[in-house]
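Structural overview for review
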There are 2 protein chains.
Amino acid sequence: MPSYTAPTKDYQFLLHDLLKVSEQDIPGFEDLDRDFTGAVLEEAGKVASEVLAPLNVVGDTEGCTLENGVVRTPSGFKDAFQAMKDGGWTAIDCDPEYGGQGLPYVMHTAAQEPFVSANMAFNMYQGLTHGAYSAIFHHGTDAQKQTYLPKMVTCEWTGTMNLTEPHCGTDLGLMRTKAEPQDDGTYRVTGQKIFISAGEHDMADNIIHLVLAKIPGGPEGIKGVSLFIVPKFLVNEDGSLGDRNGVSVGKIEEKMGIHGNATCVMNYDGAVGYLLGEEHKGMRAMFTMMNEARLGVALQGYAQAEAAYQNALAYAKDRLQGRDVTGVKNPDGPADPLIVHPDIRRSLMDQKSFVEGARALTFWGAMLIDRAHKNKDAEADGLISLLTPVLKGFQTDKGFEMAVQAQQVYGGHGYIEEWGMSQFARDARIAMIYEGANGIQALDLVGRKLAQDGGKHVMAFFEMVKNECKAHADDPRMAGFVEPLKAASKQLQQAGMFFMQNGVKNPNEALSGSYDFMHMMGHVCLGLMWTRMAKAAHDALDAGAEDVTFYETKIATGRYYMARQLPACAMHLAKIESGAETVMALSADQF
Amino acid sequence: MPSYTAPTKDYQFLLHDLLKVSEQDIPGFEDLDRDFTGAVLEEAGKVASEVLAPLNVVGDTEGCTLENGVVRTPSGFKDAFQAMKDGGWTAIDCDPEYGGQGLPYVMHTAAQEPFVSANMAFNMYQGLTHGAYSAIFHHGTDAQKQTYLPKMVTCEWTGTMNLTEPHCGTDLGLMRTKAEPQDDGTYRVTGQKIFISAGEHDMADNIIHLVLAKIPGGPEGIKGVSLFIVPKFLVNEDGSLGDRNGVSVGKIEEKMGIHGNATCVMNYDGAVGYLLGEEHKGMRAMFTMMNEARLGVALQGYAQAEAAYQNALAYAKDRLQGRDVTGVKNPDGPADPLIVHPDIRRSLMDQKSFVEGARALTFWGAMLIDRAHKNKDAEADGLISLLTPVLKGFQTDKGFEMAVQAQQVYGGHGYIEEWGMSQFARDARIAMIYEGANGIQALDLVGRKLAQDGGKHVMAFFEMVKNECKAHADDPRMAGFVEPLKAASKQLQQAGMFFMQNGVKNPNEALSGSYDFMHMMGHVCLGLMWTRMAKAAHDALDAGAEDVTFYETKIATGRYYMARQLPACAMHLAKIESGAETVMALSADQF
């Protein structure tokens, strides 16, 4: 069975050496000293390895079952969920007014990582609840907040997001679920929703469904969509649970992975719903959940790769196979460990340098969200809005790719379920699809985010990269970072220029290159992170840090990324500059 | 449920327009006219879509079961296997002396593709038998051939390959299974073998295991390994089945995919074995099977991508979601089909251009094998020996990647098992691992094949590419092919030069880039194939071919590959030239 240990030392490096959280002018950050964050994250890591990780394979093997309308989660999930509630892990960044701990989002993010690495399917139950909490928190009336939030903060009640219908996922304007207004101000919701994660289960007293539906007579398409709170059990005025609402689970899907999470078909049959936010402004409210959800999915991408990498590394050190061509390394054994072989190294370094880079980008992204919200900083808001599709698309693609590479280290043992490596790949696969398939992320990035506010945010991003390069121009130790980053950033700008020059005449010239652009920008972001991390590591060493090996390893890992990953940017640029012609040459019939 | 139709028109294009099989000076090729190959391949395609494809999901869902030592294959497999035997599909290229049809290997390869696309797990039962047939055919005594081959040609008896043991896969020198010589000239084989595909099942009267084992007292390591025939049932002198041999199935593995094939732990407990070939020369005999097996696995890589692509394409034409940004294409519908969107096009073109290129490379490779064997052509033998790791490693990596892309076209519907897209990805995944994990293919290529016969074969390959470019230098219609191919080939040579200049001093300088080199060479091979295919298509059009659309589509698809895939070569070169330093920088403890 695979094992998992939270890389808490790396969390601390990011929070304190890289992001210097306690020195930020963001309300609440002043309390984030090393001792405090260390204590929280050590404890989160402990829960992850001791409680959640042992249930990962159990969840995959048993899956969820539906019988007579009742969904049962895998053995042990209920107790583990109780442990999460008892430990307050569901409430880290929630508002203290509703029982939360009021910590910054960056701390929530850091504490989530070990849970996601240890057991992604399990963690989705609280992850979705957190998203629903946010939507109600930002768009609910006071009464709605008082009714639902205290119970959702503790996960006594969990939440769901209901968007997809059988005939529409990406194009929600085609939605058929309808919400008919009643005289008492409530609505009756009728329709079918599919792919509803945690749609029904046995770990909470109530489930608060957030459902997109159309109010008859409203505008056509996406502009006529509203958001509704549809609880599984109606809630009485005194907060106690009332009648069962007209919502039921139709079936649970058989999936490639995340078997521990119940993916449900939900049938709404005149269910009582309460409007959340304004009529016909449902998409706006839903996006409150979705941007946060996308960052969460970006985290899933690298967090699964982290878990897979840890096991691949252990196997590479343990498994004896072949001899080092430059000289025997394990003369007393029948063969050398796999890790002596250069191609195994390449694979492990790919994994390690991606995961650590993506973690830095995600933590930084979370801090930008804190800054945007708590300081009302429009620039931070614009920047994270620009970066969200990159984080989601790039990190989940690469996270899956790295989980597959980790599986590959095991050879045949990676393909059989016994070692658990297949599960990491199968679970990681979903992150490329849900919360907006990665092609949609690329479309959002190139079709929308680049031009947002007159292109201000992408220009600010380029300026930031340029300044980073300039800052270390005279530091010879940083040359292995500055030069590749400068080149990659230039290539990214050149791609943006190509879109501007050609996309206006023919949008396909831009959209044919959107996926490549997303990946290119992902590499530039990780290149920026590695440059900053290398500088932070050098600073720590200069200041006489004790753990010299940790910082030296960090720098060496970064050098690998710059040398061996950033060259992808030139390839993506060449593809982009080849234009739309070959992409669009065939008529549909010619395929 | 996914569907499958054999692309027989493309098979015919490759055999006749590209390879011009009936004009070759290879014995037996003169009979391969269009009518004959068309009739055979149409029929193979029919069996594949009507008999095998409907059982693909069944095999995945039911899997194989082991009860009291008996393995049961999924419902319908037995009848389908009988249909394959009855149709003579197991015997295409086998020697007529033993009941085969004696057709060229290239015809066997072409006929295999639809079977593999339709049901990979099922087709492995005959695929492994074919490999075992080859080993006995090339290394067996006359008596052994007479005893086993006629029954194996018909698949009344199936075959297996037994290499891996729990503690060794790649490094077979560590093998523990032993074969003790008996006074009657037989051996007693004792040990445990794992990952034995089709190791036990209910579709054949006997199973002929080919088992690697060590004869006590022989040389240490890989040089002391011999190959044995170990039948499940001993065969009496009259050919009838005798006693059950001391071999039994210990368990069947739970795997990520290919559930329809029984992957067995096989226990040999003093089983009677017959030496195949010479003592201690087992690896040589096994390699007869393995090179052929590797080409077969290379075919699996793109054949799964073909099946996945066909379904992704159908879905992209059918599923209505969003509108074409350049203008509505389906005004009477609520939305346009997915295929209007540039990023969906990019994905479909990636898939299509890879599959068709890989098919060409595989068919060409099969013809080289025919030439090597039937004409005793050492140059053809050297070339296919060089290309085998490229075909296996590149095509299975890309095949999996394309199956994943095809799955992605379905969005959430790709992740649930209902649509069958997950199975294509899960099944395709194994091809990157078995018959030598792809890292081993890269090692074989760079560590062994490049320098084989003084580098003669790789030089010949470069010369061939150069001549191809030269031949079309004055044809403006070919510019979109010649220029990218020339550039990519030059980059590949530059990478080879880097290895030569640096790898002698430090082998890690070459081996750190082996995986990139394998992919680079894969792209150059497909670039070469596309150049030749484009020329063949132009020739056909010039000659007034009727199906203009087919040939124009072929050229357009090739132009996509050259513009959008060959740029990967420059990236691989940059990675290779960054050297071993960053790859090997960390000590094992630093990870």
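From a predicted model like this one, the values you see are computed outputs, not experimental measurements.

Re the packing of aromatic side chains
- With the rule as written, the count across this model stands at 37 aromatic pairs over all chains.
- Consider the rings of A:Phe499 and A:Phe517, whose centres lie 5.3 Å apart with planes at 50 degrees: the pair is tilted. Here A:Phe517 lies in helix 17 (residues 514-542) and A:Phe499 lies in helix 15 (residues 479-503), a separation of 18 residues in the sequence. Each member of the pair, A:Phe499 as well as A:Phe517, is classed as buried.
- Here the aromatic residues A:Phe77, A:Phe81, A:Phe122 and A:Tyr125 are joined through ring pairs into a cluster of three or more.
- The lysine or arginine in question, A:Arg429, covers the ring of A:Phe400, its NZ or CZ lying 5.7 Å from the ring centre.
- Looking at B:Arg532, its charged tip hangs above the ring of B:Trp364, at a distance of 5.0 Å from the centre.

Here we look at the packing of helix 9 (residues 342-374) of chain A against helix 17 of chain A
Residues and elements named next belong to chain A.
- Interaxial distance between helix 9 and helix 17 falls to 9 Å at its minimum, and their mutual angle equals 90 degrees. The orientation of helix 9 with respect to helix 17, classified from their angle, is roughly perpendicular. Along the contact surface, helix 9 presents Ser353, Phe354, Glu356, Gly357, Ala358, Ala360, Leu361 and Trp364, while helix 17 presents Cys525, Leu526, Leu528, Met529, Trp530, Arg532 and Met533.

Observations concerning the interface of chain B and chain A
- Tallying the contact residues gives 96 residues for chain B and 96 residues for chain A.
- Regarding the contact of chain B and chain A, the summed buried area is about 7,700 Å², with carbon and sulfur atoms giving 61% of it.
- Of all residues in chain B, the largest losses of buried area upon contact with chain A belong to B:Tyr415, B:Arg564 and B:Phe591, amounting jointly to 13% of the total for that side.
- Close ionic contact of B:Glu418 with A:Lys251 constitutes a salt bridge, the shortest N to O distance being 3.2 Å.
- One can count 46 residue pairs in polar contact (both at pLDDT 80 or more) joining chain B with chain A.
- The leading source of residues in the side of chain B that touches chain A is helix 18 (residues 548-564) of chain B, at nine residues.
- Across the side of chain B that touches chain A, the residue classes tally to 44 nonpolar, 29 polar and 23 charged.

A word on the nonpolar core
- Core analysis: the biggest nonpolar cluster contains 401 residues, and A:Phe461 and B:Phe461 have the highest contact counts within it.
- Apart from the residues within four sequence positions on either side, A:Phe461 is in contact with A:Leu383, A:Leu386, A:Leu387, A:Leu492, A:Met521, A:Val524, A:Cys525 and A:Leu528.

Notes on the relation of the copies chain B and chain A
- Mapping chain B onto chain A is achieved by rotating through 180 degrees and translating by 0.0 Å along the same axis, at an RMSD of 0.0 Å. As the rotation angle and translation indicate, the two copies are arranged about a two-fold axis. Measuring from the rotation axis to each C-alpha of chain B, the shortest distance belongs to B:Met571, at 3.0 Å.
- When the interface residues of chain B are mapped onto chain A, 100% of them again lie at the interface, so the same face is used by both copies.

So, the environment of B:Val355
Residues and elements named next belong to chain B.
- Position of Val355 relative to the elements: it lies in helix 9 (residues 342-374).
- Linking Val355 and Phe287, residues 68 residues apart in sequence, is a C-alpha distance of 27 Å.
- Excluding residues that lie within four positions of it along the chain, Val355 makes contacts with Tyr302, Ala305 and Glu306.

Observations regarding the environment of B:Gly169
- By secondary structure assignment, the location of B:Gly169 is in the loop between strand 3 (157-162) and strand 4 (178-181).
- Given a relative accessible area of 24%, B:Gly169 falls into the partly exposed group.
- For the pair formed by B:Gly169 and B:Ile194, sequence separation is 25 residues and the distance between their alpha carbons is 9.2 Å.
- With residues near it in sequence (within four places) discarded, B:Gly169 still touches A:Arg319, A:Gln321 and B:Thr164.

Quick word on the packing of helix 15 (residues 479-503) of chain B against helix 19 (residues 568-577) of chain B
All names here are of chain B.
- At a minimum axis separation of 9 Å, helix 15 and helix 19 run at an interaxial angle of 15 degrees. The angle between helix 15 and helix 19 falls in the class roughly parallel. In the packing of helix 15 onto helix 19, the handedness of the crossing is left-handed. Between helix 15 and helix 19, the residues in contact are Ala488, Gln491, Gln494, Ala495, Phe498 and Phe499 and Cys569, Ala570, Leu573, Ile576 and Glu577, respectively.
- When the residues that make up the contact of helix 15 with helix 19 are grouped by side-chain class, the tally is eight nonpolar, two polar and one charged.

Topic: the layout of surface pockets
- Empty space within the second largest pocket amounts to approximately 1,000 Å³.
- Around the second largest pocket, the lining is made up of 42 residues, and of these A:Glu254, A:His259, B:Asp60, B:Glu254 and B:His259 lie nearest the centre.
- Counting residues per element, the ones that place at least two in the lining of the second largest pocket are helix 3 (56-62), strand 1 (65-67) and helix 12 (421-430) of chain A together with helix 3 (56-62), strand 1 (65-67) and helix 12 (421-430) of chain B.

So, how was this worked out
- Residues numbered from 1 in each chain as written.
- Chains lettered and ligands numbered in written order.
- Predicted model: local features only at pLDDT ≥ 70, side-chain atom pairs only at ≥ 80, totals over all residues.
- Heavy atoms only, no water.
- Phe/Tyr/Trp six-rings, centres within 6.5 Å; stacked < 30°, edge-to-face > 60°.
- Helix = DSSP H or I, 4+ residues; strand = E, 2+ residues; numbered from the N terminus.
- Buried < 20%, exposed > 50% of the residue type's maximum accessible area, 1.4 Å probe, protein only.
- Lys NZ or Arg CZ within 6 Å of the ring centre and 35° of its normal.
- Axes fitted to C-alpha atoms, helices over the stretch in contact; angles between N-to-C directions.
- Parallel < 35°, antiparallel > 145°, perpendicular 65-115°, else oblique.
- Contact = heavy atoms within 4.5 Å.
- Buried area = accessible area lost by both parts, 1.4 Å probe.
- Salt bridge = Lys/Arg side-chain N within 4 Å of Asp/Glu carboxyl O.
- Polar contact = N/O pair within 3.5 Å; in protein donor to acceptor, adjacent residues only side chain to side chain.
- Nonpolar A, V, L, I, M, F, W, Y, C, P; charged D, E, K, R; others polar.
- Core = buried A, V, L, I, M, F, W, Y, C linked by side-chain atoms within 4.5 Å.
- Least-squares fit on C-alpha atoms with pLDDT ≥ 70 in both.
- Left-handed = near helix turned anticlockwise from the far one by under 90°.
- 1 Å grid on protein atoms, 1.4 Å probe; cavity = no way out; pocket = protein on both sides within 12 Å on 5 of 7 lines; lining within 4 Å.
- Points joined across faces, edges and corners; volume = space filled by probe spheres on them.

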